[in-house]
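So you can see what is in the structure, the chains are spelled out below.
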Amino acid sequence: MVACGPPGLNGGKNILYHNNGDGTFSDVSEKSGILKANGTFGLGVLTADLDNDGWPDIYVANDSTASALYQNKENGTFTDIAIEAGCALSADGKPQAGMGISAADYDLDGNLDLVKTNFAGDTPSLYHNLGGANFEDTTYQGGLGKHTQYLGWGCGFFDMDNDGWPDILICNGHVYPEVEQLKTEAGYPQRKLLYKNLRNGRFDDVSYDAGPGISAPVAARGCAFGDFDNDGDLDVVVNTVNDFPQLLRCDSRTANNWIKIKTIGTKSNRSGIGARIKCVTHLPGEKSLHPQIDEVHSGGGYFSQNDLRVHFGIGKAESIELLEIRWPSGLVETLKDIKPNQVIFVKEGEGIIRTRQFDPPKSPKPPK
């Protein structure tokens, strides 16, 4: 009556292509050790430095099987460490039907954490990075265990209100139109889930406070984040099944400041993909400095590409005290005392080569 799922089918193999630097690629899947893993049903893929050793690792969200974390061994080879790292299975040790994957340092401890979407009847997964690629499943402690009726696809960490703490958006939609006949399911079109970072390791579901773009049900799949109107807050594009795509404009109604960094590689790749950026500010009311990290990602979420400009919300901070960029080449550049509410273009080895200023955020208007 419905299309069959992956169980019972032969899993596929993940393929790794090495860029030869001349417009061609070499298949290094076997030489790198990628093919040593069992056949899987890979969907979401993310590259990020998850153990802070300066080398990019690869996380693959697998459908109906354990997910994979290929740790970069710094010699052209990778080893799947997901089981021992604690980010392969659910909190009770069961394989999940992973779809989308995103990374951010949601608690500002200097390690990139993970959020993963899963099939209906399960919760999303929130993996807290303890350091050195050791993860703890904090789905329930973090507040993401409340909903099991939704089938998640695209997802992402993003600072929706520019307060300096990453929030989470999860896009949902079922795969079987026939579920509309069942009262036990959430339906084929489903609402999105928007979680606000409470700054204490927990998130709060604010989906119904965020307007119809979040609460109205659609059959969503991929989602991409970027500030399309350059007003300082992050917007979202959502792809839907058999319907128009959605452009969700964020009107955060805050007067918080922000900064965007456009990386231009010279010795590293031209887009600066893989660059690790640290943004340090002093937020009024906080006793200590406020350090944030992010990376320039190519691909992420679920079959999606976000804006390559790295965005940081900085609350009421009036300047960025320190901006540190670790390029893939190994070069580390440090910039100080940067004005907010602008895009800065940073060229590897040359620092800021130009800026583009935008109007500061307007104070929110009282609701009518």
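Please refer to the structure placed before this passage.
Everything numeric in this text was worked out from a predicted model, so none of it was measured.

Caption draft 1: Molecular detail of the packing of aromatic side chains. The tally for this structure, following the rule as stated, stands at six aromatic pairs. Taken together, a centroid distance of 5.0 Å and an interplanar angle of 35° make the contact between Phe158 and Phe225 tilted. You can see Phe158 sitting in strand S11 (residues 152–158) and its partner Phe225 sitting in strand S15 (residues 220–226), a full 67 residues away along the chain. Here Phe158 matches Phe225 in class, with each residue buried. Taking NZ or CZ as reference, Lys260 lies 5.0 Å from the ring centre of Trp258, over its face. The cationic tip of Arg354 hangs over the ring face of Phe345; the distance from NZ or CZ to the ring centre is 3.8 Å.

Caption draft 2: Fine view of the side chain of Asp137. Looking at the secondary structure, you find Asp137 in strand S10 (residues 134–137). Of the side chains with opposite charge, Lys116 comes closest to the buried, unpaired Asp137, at an N-O distance of 7.8 Å. Of note is the side chain of Asp137, whose polar atom sits 3.2 Å from the backbone nitrogen of Ala91. Among the polar contacts made by the side chain of Asp137, one reaches the side chain of Thr139 at a distance of 2.7 Å. Aside from chain neighbours lying at most four places away, what touches Asp137 is Leu89, Ser90, Ala91, Leu126 and Tyr127.

Conventions and cut-offs
Residues numbered from 1 in each chain as written. Predicted model: local features only at pLDDT ≥ 70, side-chain atom pairs only at ≥ 80, totals over all residues. Heavy atoms only, no water. Phe/Tyr/Trp six-rings, centres within 6.5 Å; stacked < 30°, edge-to-face > 60°. Helix = DSSP H or I, 4+ residues; strand = E, 2+ residues; numbered from the N terminus. Buried < 20%, exposed > 50% of the residue type's maximum accessible area, 1.4 Å probe, protein only. Lys NZ or Arg CZ within 6 Å of the ring centre and 35° of its normal. Lys, Arg positive; Asp, Glu negative; His and termini not counted. Salt bridge = Lys/Arg side-chain N within 4 Å of Asp/Glu carboxyl O. Polar contact = N/O pair within 3.5 Å; in protein donor to acceptor, adjacent residues only side chain to side chain. Contact = heavy atoms within 4.5 Å.

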